[in-house]
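# Observations on the three-dimensional arrangement
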Amino acid sequence: MKTESVLEKVLASGELAVTGECGPPRGALPDVVKEKAALLKGYVDAVNVTDNQTAMVRMSSFAASVFLRQMDLHPVFQMVTRDRNRLAMQGDIIGAYSHGINTMLCLSGDHPKFGDHAMAANVHDLDSMQLIQTVRGMRDEGLFQGGAEIKNPPKMFIGAAANPFADPFELRVARLAKKVKAGVDFVQTQCIYNIDKFETWMQGIRDRGLHEQVYIMAGITPMKSAGMARYMKNKVPGMDVPDELVKRMAGVPKDKQAQEGIDICIESIERLRQIEGVSGFHIMAIEWEEKVPEIVKRAGLYPRPQV
Amino acid sequence: MITAERKPLDEIMESINGCGRILLVGCNECVTVCAAGGRKEVALLASALQMASMKKGRTLDIRELTLERQCDPEYVEELTPHIDQADAVVSMACGCGVQEVARRFKKTPVYPALNTKFMGASEGPGIWAERCQGCGDCLLGLTGGICPIARCAKRLMNGPCGGSTNGKCEISNDVDCAWHLIWERMKELGIEDRYEDVIAAKDWRTGRGAGPRKILREDLV
Amino acid sequence: MEQFEPTIVAFCCHYCAYTAADMAGSMRLEYPPNVKIIRVPCSGRVDAIHIMKALEKGADGVLVAGCLEGDCHFKNGNVKALQRVTALQPFLEEIGIEGERVQMVNMSAGMGGRFAQIATEFTEKIRELGPNPAKTGASRLAAS
């Protein structure tokens, strides 16, 4: 074990790990965080806490992660390189670790143009790859990125995002290889709808033995409606939604579409768990957290292992 | 070259409000190339300012001059015989030139007529695009001659990010994904295997990070 | 009340527009004397500054007349002229002068009638628009 992370323990045990997601509110509303987290408790091994997602200001992922910790949940503290320089990031990392947060995800972050502060300076003192290297150095060498010693270094379980569906496809395996080289421990993929394409990517991963060097968690997002399916297909960069899926959602009456979305989700999990190299699932039921217990149970992933 | 664009005319007119004698100074280098502040643009702006003034029932005394460069004190010196007959200088140079004129002539206000934009190159007649951010530690040799700091919206040094779509950046279909371009170039150069070398965290001290920069060449002082 | 007589400057290219103007003359077609013709080798020779100076020195309207599209003697001089006129119009609006005071027109050498028609219509249009706002200001200055 590199860390005390519950997620690491579950992954290392060989059991399929499950993570959920909690998006903090756009205001000082601790109860909103606690309510969302309460819906997930017991059904997931860890909960991702997003960081100013889509470049909109939200309660910081650090603050929200602390609330989760206080509820005895295990946050995956997400950190984007867009908003802070390396001093602030390393300070937040040792701060978070001091609050018992031991799992994090290193990301670049959506461009400010998508959010509510398009006029903000786009920091990117480090990119996500360099952040992974930094955290790795803090953990394994006990040194800050600048070289000085850290008193009581943070033992962080280091994650990153992987997107098998972004362009160019031919680079997507090399990108994971690069993140592994930088020192990543686990990755969570973008939500998967095109399972064939995902399988192609996984084949490339296995050909290089990367599945043995990093834990790969498959991203899952249940669709609420045919409209959502269409939106994700056409408006979200880096997303691959097959036509059959949109048709299937649209072929069902509106009041039944949400349930159809959940059913598709379960079928996907069934298919994905058969793929060699998939170590778990990252369920992003954004603003639909109440469905996570049903998904986890029906997928045969409940109860969660006690590690 | 440094690119710039003319400020809106009402902004320029506002800045010289109350001045009757204007020294309008162009620059024969970068701003001439991007058609923003050369001899021609000086003549056009002078005519526009004059007509705007005439509309209000006034005429301006506008003296038009274009220096070889405004960023070298030797050329700025050429303004000396004219400076006392001006209430204000309007400079059509980039920010460097405006400041050099202001530094030399402390008693006369100097107003910029342009908004300086970026260091870039021409993509064709009438089109200039950002190419360099002056980071001070050029890594173009590692990225096939395409700069990720100037051309990637997130200045990623290990891109592309997950927003790259069809070779375009997530911010706009009009912006190429720099890392897509770099990858294609690496293939053309036969150096794809270098893609997996992680480019380590940048030392921004060579850039703006350590404060305003200066170059001192002892052999030329 | 004296009727306002606009001053129109027409830059006419030697190969087409000027020849058409000449033809209008030999056909005894009438067009207003307000139109002052300046012959240029090509409409593409006309730069923004020429138009600006014409307005500055008292013109109420400016025409740039070139060959028909595709027929420019110098290949694409008329295309460039149109680009320049189009770019100049918002520039004029910025200083409060109506962009429509400047217009690009095209004709062939034999179109004497078209020249006369354009000259007449444009003069009327400018008459309706009124004097060049820069001129009115300056004359107020002279009067005071």
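Residues numbered from 1 in each chain as written. Chains lettered and ligands numbered in written order. Predicted model: local features only at pLDDT ≥ 70, side-chain atom pairs only at ≥ 80, totals over all residues.

## What to know about the overall build of chain B
- Along the backbone of chain B there are eight helices and seven strands.
- With 221 residues in all, chain B has 38% of them scored as buried.
- Long-range contacts, defined here as pairs at least 24 residues apart, represent 55% of the contacts in chain B between residues at least 6 apart. (Helix = DSSP H or I, 4+ residues; strand = E, 2+ residues; numbered from the N terminus. Buried ≥ 20, exposed ≤ 12 C-beta atoms within 10 Å, placed from the backbone. Contact = placed C-beta atoms within 7 Å.)

## Structural notes on the environment of Met71(A)
Residues and elements named next belong to chain A.
- Mapped onto the elements of the fold, Met71 is located in the loop between helix H3 (61-70) and strand E3 (75-80).
- The spacing of Met71 and Lys34 is 37 residues in sequence and 7.9 Å in space, taken between C-alpha atoms.
- The residues contacting Met71, other than those within four sequence positions of it, are Lys34, Ala37 and Lys41.

## So, the environment of Cys169(B)
Residue and element names in this part refer to chain B.
- Mapping Cys169 onto the fold places it in the loop between helix H7 (148-151) and helix H8 (178-189).
- For Cys169 and Gly207, which are 38 residues apart along the polypeptide, the C-alpha to C-alpha distance reads 25 Å.
- Every residue in contact with Cys169, bar those within four places of it in the chain, is listed here: Ala153, Ser164, Val175, Asp176 and Cys177.

## Quick word on the sheet that holds strand E1 (residues 17-22) of chain A
Residues and elements named next belong to chain A.
- Taken together, the eight strands give a closed barrel; going around it, the order is E1-E2-E3-E4-E5-E6-E7-E8, and neighbouring strands pair in parallel fashion. On average, adjacent strands in this sheet sit at an angle of 30° to one another, irrespective of strand direction.
- In this sheet, strand E2 (residues 46-49) lies alongside E1 in parallel orientation, the contact comprising four bridges. Across the sheet, the residue bridging to Glu21 is Asn48, located in E2.
- This element, helix H5 (residues 128-140), spans E3, strand E4 (103-107) and strand E5 (157-162) of the sheet and lies at about 150° to E4. (Pairing = 2+ DSSP bridges. Axes fitted to C-alpha atoms, helices over the stretch in contact; angles between N-to-C directions.)

## Examining the packing of helix H1 (residues 17-26) of chain C against helix H4 (residues 112-129) of chain C
Residues and elements named next belong to chain C.
- Between H1 and H4, the least distance of the axes is 7 Å, while the angle of their chain directions is 90°. Overall, the two elements H1 and H4 adopt an arrangement that is roughly perpendicular. Along the contact surface, H1 presents Ala17, Ala20, Ala21, Met23 and Ala24, while H4 presents Gly112, Arg114, Phe115 and Ala116.
- Here the contact of H1 with H4 is composed, by residue class, of seven nonpolar, one polar and one charged. (Parallel < 35°, antiparallel > 145°, perpendicular 65-115°, else oblique. Nonpolar A, V, L, I, M, F, W, Y, C, P; charged D, E, K, R; others polar.)

## Notes on H8(B)
- Here H8(B) spans 16 Å end to end across twelve residues, near enough to the 16 Å set by a 1.5 Å rise per residue.
- Those residues of H8(B) that are buried are in contact with H7 of chain B. (Expected span 1.5 Å × (residues − 1).)

## Notes on the interface of chain B and chain A
- At the interface, 23 residues of chain B touch 28 residues of chain A.
- Across the side of chain B that touches chain A, the residue classes break down as eleven nonpolar, eight polar and four charged.

## Thoughts on the sheet that holds strand E4 (residues 102-106) of chain C
Residues and elements named next belong to chain C.
- Strand order across the open sheet formed by four strands is E2-E1-E3-E4, with parallel pairing between neighbours. Of all the strands in the sheet, just strand E2 (35-40) and E4 have a single pairing partner and so form its edges. With strand direction ignored, the average angle separating the axes of adjacent strands in the sheet is 20°.
- For strand E1 (residues 8-13) and E2, the ladder comprises six bridges, and the chain directions are parallel.

## Things to note about the domain arrangement of chain B
- Taken domain by domain, chain B comprises domain 1 (2-118) and domain 2 (133-207).
- With centres defined by C-alpha atoms, the gap from domain 1 of chain B to domain 2 of chain B works out at 38 Å. (Domains from an automatic or database assignment.)

## A short note on the packing of helix H6 (residues 172-182) of chain A against helix H7 (residues 195-207) of chain A
Residue and element names in this part refer to chain A.
- Direction vectors running N to C along H6 and H7 enclose 50°, while the axes themselves pass 9 Å from each other. One element, H6, and the other, H7, form an angle in the oblique class. As for the relative orientation of H6 and H7, their crossing is right-handed in sense. Here Arg172, Val173 and Leu176 of H6 come into contact with H7, specifically with Trp201, Gly204 and Ile205.
- Along the lines of polarity and charge, the residues of the contact of H6 with H7 split into four nonpolar, one polar and one charged. (Left-handed = near helix turned anticlockwise from the far one by under 90°.)

## A few points about the arrangement of the chains
- Most contacts, compared over the two pairs of chains touching, are made between chains A and B.
- The two partners chain A and chain C share no contact, and the minimum distance between any of their C-alpha atoms is 27 Å.

## Things to note about the interface of chain C and chain B
- Counting from both sides, the interface comprises 17 residues of chain C and, opposite them, 17 residues of chain B.
- Those elements giving two or more residues to the side of chain C that touches chain B turn out to be helix H2 (48-56), helix H3 (77-94) and helix H5 (133-143) of chain C.
- Split into classes, the residues belonging to the side of chain C that touches chain B amount to eleven nonpolar, two polar and four charged.

## Points about the pairing of strand E7 (residues 127-132) of chain B
Residues and elements named next belong to chain B.
- Alignment of strand E6 (residues 114-124) against E7, held across five bridges, turns out to be antiparallel. Residue pairing across strands places Ala121 opposite Ala129, the latter belonging to E7.
- Between E6 and E7, which follow one another and run antiparallel, lie two residues, and Gly126 among them has a positive phi close to 80°.

## Focus: the pairing of strand E8 (residues 278-283) of chain A
Residue and element names in this part refer to chain A.
- For E8, a buried count of six out of six residues is recorded, marking the element as mostly surrounded by other parts of the structure.
- Bridge count between E1 and E8: three bridges; the pairing is parallel. Along E8, the bridge assignment pairs Val18 with Phe281.
- Here five bridges tie strand E7 (residues 215-220) to E8, and the two strands are oriented parallel to one another. For Ile216, the partnering residue across the bridge sits in E8 and is Val278.

## Focus on H6(A)
- Every buried residue of H6(A) is accounted for by Arg172(A), Val173(A), Arg175(A), Leu176(A), Lys179(A), Val180(A) and Ala182(A).
- Its buried side turned inward, H6(A) meets H5, E5, strand E6 (186-191) and H7 of chain A.

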